[in-house]
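Listed below are the residues making up each chain.
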Amino acid sequence: MSEEHVGIFPFIKALRAYIVKGSSGDQGADCHDVDDEHWINGAGTPIANPMSGYPQYAKTRKSWGINALGTLIVEVESDDGNIGVGVTIGGEPGCYIAEKHLSRFVEGQDPRNVELMWDQMFRATLNYGRKGLPLQVISAVDIAIWDLLGKIRKEPVYALLGGKTKDRLPVYSTTARPDLAKQFGFVGAKIPCPHGPAEGDEGFKKNVEFFRKWRETVGDSFPLSLDCYMALTVPYTVKLAKALEPFGLKWIEEYLPPDNYDGYNNVREALRGSNVLLTTGEHEYSRYGFKQLLSSRCVDIIQPDITWLGGITEARRVVAMASAEDILVIPHGSSIYSYHLQYAFSNCPLAEYINLSPKADTIVPYFGGIFTDEPLPENGFIDLPDRPGFGVTLCRDNLHRPYNRSEDDSAKQAKLNINREVPKQAKMPF
């Protein structure tokens, strides 16, 4: 490829990575980066989690650092002045990976080459990646590229993915107040499991009573699910699901640590014939991780977070894999990124809205103050505006770029991709 090719379609001239400063209590891309008295931190009612077995960290989730990394914002700019934006968690460590490593695979590239850039980023981080922070950073970069591509083409991302498969997308709410979720018009609610196995029989009874009371409050016809956030064991999960089934438990979610694939299979076998649906996948990464869940058919629904598993490029692969197994995809959070994906694929029938108001009593943006115009659910639906890209505007207040590279640095790096050597003689590729 040579410089004479530049101009046929805009190329990516720069990648920049930011954190958000001066916004205490505004969760941004991290739904746990909230004030201490927020319901999602465990204020009022505790929330079971992987650290619940340690009394020092059992009371609140922030005590053990669930929000330690914070928000990461990545933007990619094309040479025609368009800018795409992607967000995830990752903070300053994520900024370092984006600027110091992943930028070399993006700057100078044609933004249409999403598969090429994703594959290069994934392969180049294998020695320290595959899951966790590196995949979250790849997600933000990938999302930013899709946003940029939509803006260049002047089309929404769901149109780039193939267009809408549904006229409107229904939404359920993850919340501390399912009664209010019902009043707001959501089609169902999910509540956090308060107590883990370390609290023994007393904690188990409290879990059953907690769910029973909410069932009585919202009535029998309102779907109600339970989020267990990686906190339980196989025997405890089976026992709890059976205890809650008479109270109309719709699904039980992420009850085991994500790498316990055998455990998920064991739960499935123990609950054969149960009406309780099994779900997980929020903390799973890439198609390779989801293959473990899909091929074993140990769950009924997978719940990838689009800002974590690898972005839109990887998510569409996972959705296709799930379709082949007749397994539904209901992504975790992700707001606009999930919504665009879900509109484009028929096996994504329902969206999640995590109510991040401190007392779960108002409808607020999932990404806090990152965007000035994030669409919000209303009367049980999320409707997307017909705007380019993901259709939202980045609020640039309080952005800080910790690993600032100059325009010359980006230009030099871009030139390496623009002028890369193109094969001149065909060879058998394997």
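Everything discussed here concerns the structure shown above.
Topic: empty space enclosed by the protein
Enumeration according to the criterion identifies 2 cavities of 30 Å³ or more in this entry. Reported here for the largest cavity is a volume of approximately 150 Å³. Residue assignment for the lining of the largest cavity shows that the elements contributing at least two residues are strand S5 (189–192) and strand S11 (351–354). Approximately 40 Å³ is the volume found for the second largest cavity. Taken together, Glu254, Pro258, Tyr264, Thr280, Gly281, Glu282, His283, Glu284 and Leu293 make up the full set of residues lining the second largest cavity. Partitioned by chemical class, the residues of the lining of the second largest cavity number 3 nonpolar, 3 polar and 3 charged.

Points about the pattern of salt bridges
Enumeration over the complete set of coordinates arrives at 28 salt bridges. Glu75 is the salt-bridge partner of Arg16, the closest N and O atoms lying 2.8 Å from each other. Here Arg16, found in strand S1 (residues 12–20), pairs with Glu75, found in strand S2 (residues 71–78); they are 59 residues apart in sequence, far enough to count as distant. Just as Arg16 is buried, Glu75 falls in that class too. Taking the shortest distance from any N to any O, the salt bridge between Arg317 and Glu314 comes out at 2.1 Å. Taken together, the residues Arg317 and Glu314, both in helix H11 (residues 311–324) and 3 residues apart, mark about one turn of the helix. By sharing partners, the salt bridges in this structure join Lys13, Arg16, Glu75, Glu77 and Arg396 into a single network.

Focus: the pairing of strand S8 (residues 277–280)
For strand S7 (residues 249–253) and S8, the ladder comprises 3 bridges, and the chain directions are parallel. Bridge assignment links Glu253 to a residue of S8, and that residue is Thr279. For the segment spanning S7, helix H9 (residues 261–270) and S8, crossover handedness is right-handed. One ladder, built from 2 bridges, connects S8 with strand S9 (residues 301–302); its direction is parallel. Looking across to S9, one finds that Thr280 is bridged to Ile302. Taking the sense of rotation as the criterion, the β-α-β connection linking S8, helix H10 (residues 286–296) and S9 turns out right-handed.

Points about the packing of helix H2 (residues 91–100) against helix H4 (residues 133–153)
Orientation of H2 relative to H4, taken along the N-to-C sense of each, is 65°, at an axis distance of 9 Å. When you trace H2 past H4, the crossing you get is right-handed. Side by side, H2 and H4 meet where Pro93, Gly94, Ile97 and Ala98 of the first sit next to Leu133, Pro134 and Val137 of the second. Counted by class, the contact of H2 with H4 contains 6 nonpolar, 1 polar and no charged residues.

Considerations on the environment of Gly310
Topologically, Gly310 is positioned in the loop between S9 and H11. Taking the C-alpha atoms as reference points, Gly310 and Gly132, separated by 178 residues in sequence, lie 10.0 Å from one another. Ignoring anything within four residues of it in the chain, the contact list for Gly310 reads Trp118, Leu135, Ser139 and Asp142.

Focus on the side chain of Arg16
Residue classification places Arg16 among the buried residues on the basis of a relative accessible area of 15%. At a separation of 3.3 Å, a polar atom in the side chain of Arg16 contacts the side chain of Tyr18. A polar side-chain atom of Arg16 sits 2.9 Å from a polar atom in the side chain of Glu77. Setting aside residues no more than four positions away along its own chain, Arg16 makes contact with Ile73, Val74, Glu75, Glu77, Ile83, Glu99 and Arg401.

Structural notes on the packing of aromatic side chains
Scanning all chains against the criterion turns up 12 aromatic pairs. Among the aromatic residues, those joined into a ring-pair cluster are Tyr337, Tyr366, Phe367, Phe371 and Phe390. A cation over a ring is seen here: Lys239 above Phe204, with NZ or CZ 4.5 Å from the ring centre. Geometry around Trp118 places Arg317 over its ring, the cationic atom sitting 5.0 Å from the centre.

Focus: the side chain of Glu254
Along the polypeptide, Glu254 turns up in the loop between S7 and H9. Although Glu254 lies buried, it forms no salt bridge, and the closest oppositely charged side chain, Arg61, sits 7.3 Å away as judged by the N-O distance. At a separation of 2.5 Å, a polar atom in the side chain of Glu254 contacts the side chain of His283. Not counting residues up to four positions away in its chain, the partners in contact with Glu254 are Cys228, Tyr229, Met230, Ala231, Tyr264, Thr279, Thr280, Glu282 and His283.

A word on the sheet that holds strand S13 (residues 399–400)
Taken in spatial order, the 4 strands make up an open sheet running S3-S2-S1-S13, and their pairing is antiparallel. Two strands in the sheet have a free side with no partner beyond their single neighbour: strand S3 (83–89) and S13. With 7 bridges connecting them, S2 and S3 associate as antiparallel partners. By the bridge assignment, Val76 is partnered in S3 with Gly84. Most of the contacts of H2 go to S1, to which it runs at about 170°, and overall it touches S1, S2 and S3.

So, how was this worked out
- Residues numbered from 1 in each chain as written.
- Predicted model: local features only at pLDDT ≥ 70, side-chain atom pairs only at ≥ 80, totals over all residues.
- Heavy atoms only, no water.
- 1 Å grid on protein atoms, 1.4 Å probe; cavity = no way out; pocket = protein on both sides within 12 Å on 5 of 7 lines; lining within 4 Å.
- Points joined across faces, edges and corners; volume = space filled by probe spheres on them.
- Helix = DSSP H or I, 4+ residues; strand = E, 2+ residues; numbered from the N terminus.
- Nonpolar A, V, L, I, M, F, W, Y, C, P; charged D, E, K, R; others polar.
- Salt bridge = Lys/Arg side-chain N within 4 Å of Asp/Glu carboxyl O.
- Buried < 20%, exposed > 50% of the residue type's maximum accessible area, 1.4 Å probe, protein only.
- Pairing = 2+ DSSP bridges.
- Right-handed = clockwise from strand over helix to strand, strands pointing away.
- Axes fitted to C-alpha atoms, helices over the stretch in contact; angles between N-to-C directions.
- Left-handed = near helix turned anticlockwise from the far one by under 90°.
- Contact = heavy atoms within 4.5 Å.
- Polar contact = N/O pair within 3.5 Å; in protein donor to acceptor, adjacent residues only side chain to side chain.
- Phe/Tyr/Trp six-rings, centres within 6.5 Å; stacked < 30°, edge-to-face > 60°.
- Lys NZ or Arg CZ within 6 Å of the ring centre and 35° of its normal.
- Lys, Arg positive; Asp, Glu negative; His and termini not counted.

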